[in-house]
Amino acid sequence: MISLDAMGGDHGPPVVVGGVRDYRKRHGGAGVRFLLHGDEAAIRAEMAKCGLAEDVCDVRHTDKVVAMDEKPAQAMRRGKGSSLWNAIEAVKTGEAGAVVSAGNTGALMAISKLILRMSAHGLERPAIVASWPTLRGITAVLDVGANVESDAEQLVEFAIMGEAFHAAVHGGGRPTIGILNVGSEDMKGHEEVREAGRILREGGLGLDYKGFVEGDDIARGTVDVVVTDGFTGNIALKTAEGVARFISALMKEALTSSVPAKAGALLALPALKRMRQKIDPSAINGGPLLGLNGIVVKSHGGADAKGYGNAIRIAVDLARSDYLKKVSDSLNRLTVVLEQPAAETAAMETPQ
């Protein structure tokens, strides 16, 4: 069962219910049912349009909605009983294996943390992961906005969660990992980045760490998982999205500049669409909030039905995988690694 906040996002039920239909059309949907939270009349009207039967979708009515511009603190105080709150609650009770929402990102993060809690002691906030198109396939980049500053331990936690996410959603066996830095040499970067690299290199965590990577390595697909703090990651993501729109605008201008160009554009349209999918990180909709005691996937607020269907696919893949157990086991190993230096220091200071 996948729990859906049917009222979240810019479009609400038409896109959410349409996303369910798109997911079933493209991925089959065998064995997957959906629990939709929100205005029952509006949801059922869309179900009728999409031809979705009761055996596919259950509906839980609520009149309460968290607004897209509502502050996280307000959402936590006043959000109980809303479509967003109830959708997350279904994961906590075990009724659903994952939740998807296109709603307010800050409210989704705050309420998810309040209801589900973090998956390990010391984790402070979830990390948002982006699935980034590259020359080699898909690279997972995190954090892309949840944690503005991150210390060495948090960066290692991102590596653990990103590796488990990539394996569960994008496959490929044992994902490779790199830390985003201003150079590939070990002495480059600030202290927290260098320390995170040391832990990943020497800590015996069982991860395939390849060292530091630079900004241009993301699009190359040099590694499967790129780790960085949310400040840097968000700037990188927004820059890539802006460049993709810039290139698309230039091509549109060039291809509509004359009658022959327009004729050529018609022939090239399928290839141009595929190219946009390759250069725009926002084209792959669905960013999980990693580090929670449950699976929460954020869809873009303005996503269409196809984009929402992709967010559902990511939620289903994570729910069917051993992602949560794999992260828990790795974080427990990290705790042991981090405790070793302290124990060794205490032993050295103890009088013989």
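Scope of this entry: the structure provided in the associated data block. Please read these numbers as outputs of a predicted model, since none were measured by experiment. (Residues numbered from 1 in each chain as written. Predicted model: local features only at pLDDT ≥ 70, side-chain atom pairs only at ≥ 80, totals over all residues. Heavy atoms only, no water.)

1. Digging into the environment of T105
For step 1, the next point in the chain: Here T105 is to be found in helix α5 (residues 105-116).
For step 2, the next point in the chain: Spatially, the C-alpha atoms of T105 and A6 are 15 Å apart, while their sequence positions differ by 99 residues.
For step 3, the next point in the chain: In this view, T105 contacts I128 and K298; residues no more than four positions away in its chain are not counted. (Helix = DSSP H or I, 4+ residues; strand = E, 2+ residues; numbered from the N terminus. Contact = heavy atoms within 4.5 Å.)

2. A closer look at the sheet that holds strand β11 (residues 296-298)
For step 1, the next point in the chain: Read from one edge to the other, the open sheet built from 11 strands follows the order β3-β2-β1-β4-β11-β10-β5-β6-β9-β7-β8, with strand pairing classed as mixed. Each edge of the open sheet is held by one strand with a lone partner, namely β3 (57-61) and β8 (208-213). Direction aside, the axes of adjacent strands within the sheet are offset by 25° on average.
For step 2, the next point in the chain: Relative to strand β2 (residues 34-38), strand β1 (residues 2-5) runs parallel, the two sharing 4 bridges. Residue pairing for β2: S3 is matched across the bridge by L35. (Pairing = 2+ DSSP bridges. Axes fitted to C-alpha atoms, helices over the stretch in contact; angles between N-to-C directions.)

3. Observations regarding helix α11 (residues 305-320)
For step 1, the next point in the chain: Under the 1.5 Å per step criterion, the end-to-end length of α11 is 22 Å for 16 residues, consistent within 8% with the ideal 22 Å.
For step 2, the next point in the chain: Residues of α11 that are buried: G307, Y308, G309, N310, A311, I312, R313, I314, A315, V316 and L318.
For step 3, the next point in the chain: With a side-chain oxygen positioned 3.3 Å from the backbone nitrogen of K306, the residue opening α11 is D304. (Expected span 1.5 Å × (residues − 1). Buried < 20%, exposed > 50% of the residue type's maximum accessible area, 1.4 Å probe, protein only. Polar contact = N/O pair within 3.5 Å; in protein donor to acceptor, adjacent residues only side chain to side chain.)

4. Comments concerning the nonpolar core
For soluble globular proteins, the rule of thumb is that nonpolar side chains tend to be buried together.
For step 1, the next point in the chain: Formed by 98 residues in total, the largest nonpolar core has its most connected members in L4, F34, L36 and F165.
For step 2, the next point in the chain: Looking at this core, the element that brings in the most residues is helix α6 (residues 152-169), giving 10 residues.
For step 3, the next point in the chain: Setting aside anything within four residues of it in sequence, one finds L36 in contact with L4, A6, V16, V17, I43, C57, D58, V59 and R60. (Core = buried A, V, L, I, M, F, W, Y, C linked by side-chain atoms within 4.5 Å.)

5. Overview of the environment of A152
For step 1, the next point in the chain: Note that A152 resides in helix α6.
For step 2, the next point in the chain: Looking at A152, the relative accessible area reads 5%, which means it is buried.
For step 3, the next point in the chain: Counting along the chain gives 73 residues from A152 to V225, while the straight-line C-alpha distance between them is 16 Å.
For step 4, the next point in the chain: Contacts of A152, omitting those with residues within four sequence positions, involve E192, E195 and A196.

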